[in-house]
Amino acid sequence: MAPMGIRLSPLGVAVFCLLGLGVLYHLYSGFLAGRFSLFGLGGEPGGGAAGPAASADGGTVDLREMLAVSVLAAVRGGEEVRRVRESNVLHEKSKGKTREGADDKMTSGDVLSNRKMFYLLKTAFPSVQINTEEHVDAADQEVILWDRKIPEDILKEIATPQEVPAESVTVWIDPLDATQEYTEDLRKYVTTMVCVAVNGKPVLGVIHKPFSEYTAWAMVDGGANVKARTSYNEKTPRIVVSRSHSGMVKQVALQTFGNQTTIIPAGGAGYKVLALLDVPDKSQEKADLYIHVTYIKKWDICAGNAILKALGGHMTTLSGEEISYTGSDGIEGGLLASIRMNHQALVRKLPDLEKTGHK
C-alpha cells in the first residue's frame with residue numbers, strides 16, 4: 001500500500017511516465033539539433049533561421065566589393081613582384097616547356113605574388129571559385145584580411161551594389177604576366193591581373209603595372225578608370241603581337257592590310273591589351289589591334305577581355321567566337337582584340353591567320 005493511504009492508479013502511473021518521456025525527448029532532440037547545426041546539418045547555431053547569405057549555394061557577392069579586393073590584390077602582388085626583381089634574386093626555374101618548346105619559367109616573384117593575391121581574395125570571398133596560374137600550397141596558408149572599404153574612385157563610378165550568386169563567379173589570377181621578360185629585366189611588359197567572370201562571361205578586369213604603379217580597372221555595365229583612345233587606324237593598323245612569334249603574324253598581316261602595317265613585338269597579354277587603350281604611362285606602346293595565334297591560358301586574357309568589353313571593345317578567338325571563362329584553363333583558337341573597330345569585318349579578313357594558329 002502507498003504511504004499515507006494514497007492508492008496509485010495504474011493508468012495514472014502510465015500517463016505520468018509518458019509525460020516524463022515526452023519532456024526528456026523534447027530536451028534531448030533540442031540538444032541534438034544544436035549539435036548538428038554546428039556541422040552545417042541544421043539551422044544556424046543560436047536558433048536563427050538561415051538567411052540568403054547562409055544558403056547552401058554560398059549566397060551572393062557584391063561585384064563592387066570584388067572589384068575593390070581585386071584591385072588591392074593586384075597591387076599587393078605587384079609589390080612582391082617589384083621587391084623580388086629589385087633584389088635581383090629571382091630563384092628562376094622552369095616548370096616545363098610551352099607548346100612552342102620554350103621554357104615555361106617561374107620565379108620567386110611569381111610564387112610570392114600568387115600567395116598574396118590568392119589568399120587576399122580567398123579570405124574575402126571564401127565561397128567563390130579561384131583559378132590561378134601558380135600552384136597554391138595548402139600547407140602554406142595565409143589569412144590576409146581586407147578592411148571591407150570600397151575606394152572612392154570605384155564608388156563614384158558604381159554607386160549601387162551589384163549582387164550576383166557566389167556560385168556563378170569564377171576568379172582568374174595571373175600573379176606575374178610576362179615572366180620571360182621579367183627574367184630579362186624588361187620591366188615595362190610585366191603586369192599582375194585579376195578577372196572576375198560571371199557564368200563564364202568576363203565582368204571585372206584589373207591590370208596592374210608594378211614598376212610604373214599604374215592600375216587599370218573596369219566593370220561591364222558599371223564603370224572604369226581607363227578609356228579608349230579617340231582614334232584607331234583600321235586600314236593599316238599597328239598590330240601588337242607576342243615577341244615569340246612576331247614573324248608568323250607579320251607575314252599574314254602584311255598580306256591582309258598591306259605593306260604599311262606595323263608589327264609591334266611585345267611581352268605579356270596585359271601589356272598588349274593596354275596598348276589598345278588611352279594609358280598615361282610613357283613606357284606603354286600604342287597599337288590598333290592585338291593578335292595572338294597560338295594556344296593561350298585564360299588567366300592571361302580574362303582581365304583584358306573584361307576591360308575591353310566594358311569599354312565597348314571585343315576579344316574573341318580568331319574565328320570570332322566569344323571566349324568562355326569556365327571549364328578548361330586555355331583556348332586553342334588564338335585571339336583577336338579590338339576597340340572602336342568593326343570587329344567581325346576584321347575576323348573575316350584573317351581566315352588564314354586562324355588556320356596558322358592551329359598548326
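Residues numbered from 1 in each chain as written. Predicted model: local features only at pLDDT ≥ 70, side-chain atom pairs only at ≥ 80, totals over all residues. Heavy atoms only, no water.

I would appreciate a short explanation of unusual backbone geometry in the present structure.
Apart from glycine, the bulk of residues carry a negative phi angle, and the bulk of peptide bonds sit in the trans form. For asparagine 199, which is not glycine, the phi dihedral falls at a positive 55 degrees. Its location among the elements puts asparagine 199 in the loop between β7 (191-198) and β8 (201-209). Since its relative accessible area comes to 60%, asparagine 199 is described here as exposed. Its identity is not glycine, yet arginine 340 carries a phi of approximately 55 degrees, on the positive side. (Helix = DSSP H or I, 4+ residues; strand = E, 2+ residues; numbered from the N terminus. Buried < 20%, exposed > 50% of the residue type's maximum accessible area, 1.4 Å probe, protein only.)

Can you help me understand the sheet that holds strand β9 (residues 214-219) in this one?
The strand order across the open sheet formed by six strands is β4-β6-β7-β8-β9-β10, and the pairing between neighbours is mixed. The open sheet has two free edges, formed respectively by β4 (129-132) and β10 (223-224), since each of these has just one partner strand. In this structure, β9 lies alongside β10, joined through two bridges in antiparallel fashion. Looking at β10, one finds that alanine 218 is bridged to alanine 224. Across the face of the sheet, helix α8 (residues 298-310) comes into contact with β4, β6 (169-177), β7, β8 and β9 while running at roughly 105 degrees to β8. (Pairing = 2+ DSSP bridges. Contact = heavy atoms within 4.5 Å. Axes fitted to C-alpha atoms, helices over the stretch in contact; angles between N-to-C directions.)

What should I look at first to understand helix α6 (residues 246-257) in this one?
Residues spaced three or four apart along an α-helix point in a common direction, a consequence of the helix completing one turn every 3.6 residues. In this model α6 runs 16 Å from its N-terminal to its C-terminal C-alpha over twelve residues, within 8% of the 16 Å that 1.5 Å per residue would give. Three or more residues of α6 are buried, namely Val249, Val252, Ala253 and Phe257. Projected down its long axis, α6 carries its buried residues within an arc of 115 degrees, all on one side. In α6, the exposed residues that point more than 90 degrees away from the buried face are Gln251 and Gln255. One or two residues past the end of α6 sits glycine 258, with phi positive at roughly 100 degrees. (Expected span 1.5 Å × (residues − 1). Arc of directions from axis to C-beta.)

Whenever I open this one, helix α2 (residues 63-87) confuses me. Can you help?
In this model α2 runs 36 Å from its N-terminal to its C-terminal C-alpha over 25 residues, within 8% of the 36 Å that 1.5 Å per residue would give. In this structure aspartate 62 caps α2, since a side-chain oxygen of it lies 3.0 Å from the backbone nitrogen of arginine 64. Residue asparagine 88 follows α2 closely and has a positive phi angle near 65 degrees. (Polar contact = N/O pair within 3.5 Å; in protein donor to acceptor, adjacent residues only side chain to side chain.)

Help me understand the pattern of salt bridges, please; the structure alone is not making it clear to me.
Side chains that carry opposite charge are capable of pairing whenever their charged atoms lie near each other. Scanning the entire structure with this criterion turns up ten salt bridges. For arginine 229, the salt bridge goes to aspartate 288, with nearest N and O atoms at 3.3 Å. Taken together, the positions of arginine 229 in the loop between β11 (227-228) and β12 (238-242) and aspartate 288 in the loop between β14 (277-278) and β15 (289-292) put the pair 59 residues apart, joining distant regions of the chain. With respect to burial, arginine 229 and aspartate 288 carry one shared label: buried. The network of salt bridges with shared partners includes Arg85, Asp185 and Arg187. (Salt bridge = Lys/Arg side-chain N within 4 Å of Asp/Glu carboxyl O.)

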